[in-house]
Amino acid sequence: MKAHEFERWIEQLRALTRRQREQVKALLAKDDDGARCSTLIESRLGGDGGCPHCGAKSLYRHGLAGGLQRYRCRSCHKTFNALTGTPLARLRKREKWLAYGQAMLDSLTVRKAAAVLGVHRNTTFRWRHRFLTWAKNDRPAHLQGITEADETYLLESDKGSRRLARKPRKRGGAATQRGLSNEQVCVLVARDRTGQTLDFVTGNPSSTCAVQSRRFSSGCESRPASFAPAGSNRSSHGGNEMAEAFGVEGH
Ligand SMILES: [Zn+2]
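Not measured: the values here are computed from a predicted model. (Residues numbered from 1 in each chain as written. Predicted model: local features only at pLDDT ≥ 70, side-chain atom pairs only at ≥ 80, totals over all residues.)

Peer 1: Just to check I follow, could you spell out the overall build of the protein chain for this structure?
Peer 2: Each helix and strand in the protein chain was counted, giving seven helices and seven strands. Start at the N end of the protein chain and walk to the C end: the helices and strands fall as α-α-β-β-β-α-α-α-β-β-β-α-β-α. Across the 251 residues of the protein chain, 16% fall into the buried class. (Helix = DSSP H or I, 4+ residues; strand = E, 2+ residues; numbered from the N terminus. Buried ≥ 20, exposed ≤ 12 C-beta atoms within 10 Å, placed from the backbone.)

Shown next, in the form of structure tokens:
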């Protein structure tokens, strides 16, 4: 909007009734959520990574589209924004993404989140899968320096599997055998002092310590200078054993 048009528009605001004022306020608040989300996306992704189509670094700003800065590549002349080439590209209703992120953190089901946000369940279903794809791919290439690792065992979930090799468990359920067995799956989580985190599913508990060590080492830039198994372990396949595999002393 041009400056003089904006001034005239502001003048007209004085003529609004109370009800109209409330409507404008609600509309601006809604837009605010969208703008907040767009700012967050821009601050994280910007366009610094170069053109997602050809990788060229030379680009220029090319207007706004859908509240996001659009760029144009000098090399291939294609346009893109911060979300092009990511799982969140072309998703609508950006003003509700942050609220949906909170709904995911609150473990709301797809249908419940749809009811809370006032969108169709197909929309929250699509968002859930796209957001999770992003989270899955958002991994650092390497961990650096002092790195701590710990493993945990979860009951293996076959949700969505069409051929279930065991009796179905209801509502999470419990293992049929005590202690560790092949009903569990081992998840190894490692974090360095900058907060970068890597996780690996290393298989059933019967998978050896050496397998876990290999996974962990592949995620480190070099052989870790210091390896600290974090916390206590629930099994004999614990971090101390892993530390021994690295030939370093646990803290
Ligand atoms: Zn390009």
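Peer 1: What exactly am I supposed to notice about the sheet that holds strand β2 (residues 68–73) here?
Peer 2: Across a sheet, paired strands are connected by hydrogen bonds in the backbone, their directions being either parallel or antiparallel. Strand order across the open sheet formed by three strands is β1-β2-β3, with antiparallel pairing between neighbours. Strand pairing shows two members of the sheet lacking a second neighbour, β1 (59–65) and β3 (79–80), which therefore form its edges. Bridge count for β1 against β2 is five bridges, and the pairing is antiparallel. Looking at the pairing, L59 lines up with C73 of β2. (Pairing = 2+ DSSP bridges.)

Peer 1: Explanation requested: the packing of helix α3 (residues 97–105) against helix α4 (residues 110–117) in the structure shown.
Peer 2: Between two packed helices, the angle of one axis relative to the other and the distance separating the axes together describe the packing. Put simply, α3 and α4 touch, their axes get as near as 10 Å, and they point 140 degrees apart. Between α3 and α4 lies a crossing of right-handed hand. Between α3 and α4, the contacting residues are A99, Y100 and A103 on the first element and A113, V116 and L117 on the second. Looking at the contact of α3 with α4, its residues break down into six nonpolar, no polar and no charged. (Axes fitted to C-alpha atoms, helices over the stretch in contact; angles between N-to-C directions. Left-handed = near helix turned anticlockwise from the far one by under 90°. Contact = placed C-beta atoms within 7 Å. Nonpolar A, V, L, I, M, F, W, Y, C, P; charged D, E, K, R; others polar.)

Peer 1: I'm lost on the pairing of β1 in this one. Help?
Peer 2: When a strand is regular, its side chains alternate between the sheet's two faces. Little of β1 sits inside the fold, with zero of its seven residues counted as buried. Two successive antiparallel strands, β1 and β2, enclose a turn made up of two residues, where G66 displays a positive phi of approximately 60 degrees.

Peer 1: How do you make sense of the pairing of β2 when you look at a structure like this?
Peer 2: Inspection of the sheet shows β2 paired to β3 by two bridges, in the antiparallel sense. Looking at β3, one finds that Y71 is bridged to F80. Counting the residues in the hairpin turn of β2 and β3 gives five residues, including H77, whose phi is positive at 65 degrees.

Peer 1: When you look at the environment of N81 in this model, what are you seeing that I'm missing?
Peer 2: Structurally, N81 is set in the loop between β3 and α3. On the basis of neighbour count, N81 is assigned to the buried category, with 23 C-beta atoms found within 10 Å. Between the C-alpha atoms of N81 and L64, which are 17 residues apart in sequence, the distance is 9.0 Å. Those residues within four positions of N81 in sequence are excluded, and the remaining contacts are A65, L68, Q69, R70 and Y71.

Peer 1: I tried to follow the confidence of the model for the protein chain on my own but got confused; where do I start?
Peer 2: One rule of thumb: low pLDDT means the predicted coordinates there are not for detailed reading. When pLDDT is averaged across the protein chain, the result is 81; 80% of the residues are at 70 or more. Per-residue pLDDT stays below 50 along residues 232–251; that stretch engages in 37 contacts with residues further than four places along the chain or on separate chains. (pLDDT = per-residue confidence, 0-100.)

Peer 1: Where do I start with unusual backbone geometry in this structure?
Peer 2: The phi angle of most residues is negative, glycine excepted, and most peptide bonds adopt the trans form. One non-glycine residue, H77, adopts positive backbone phi at about 65 degrees. Within the fold, H77 resides in the loop between β2 and β3. Its identity as a non-glycine residue notwithstanding, S107 has a phi of 60 degrees, on the positive side. Turning to its location among the elements, S107 is positioned in the loop between α3 and α4. Take S107: there are 8 C-beta atoms within 10 Å of it, and that puts it in the exposed class.

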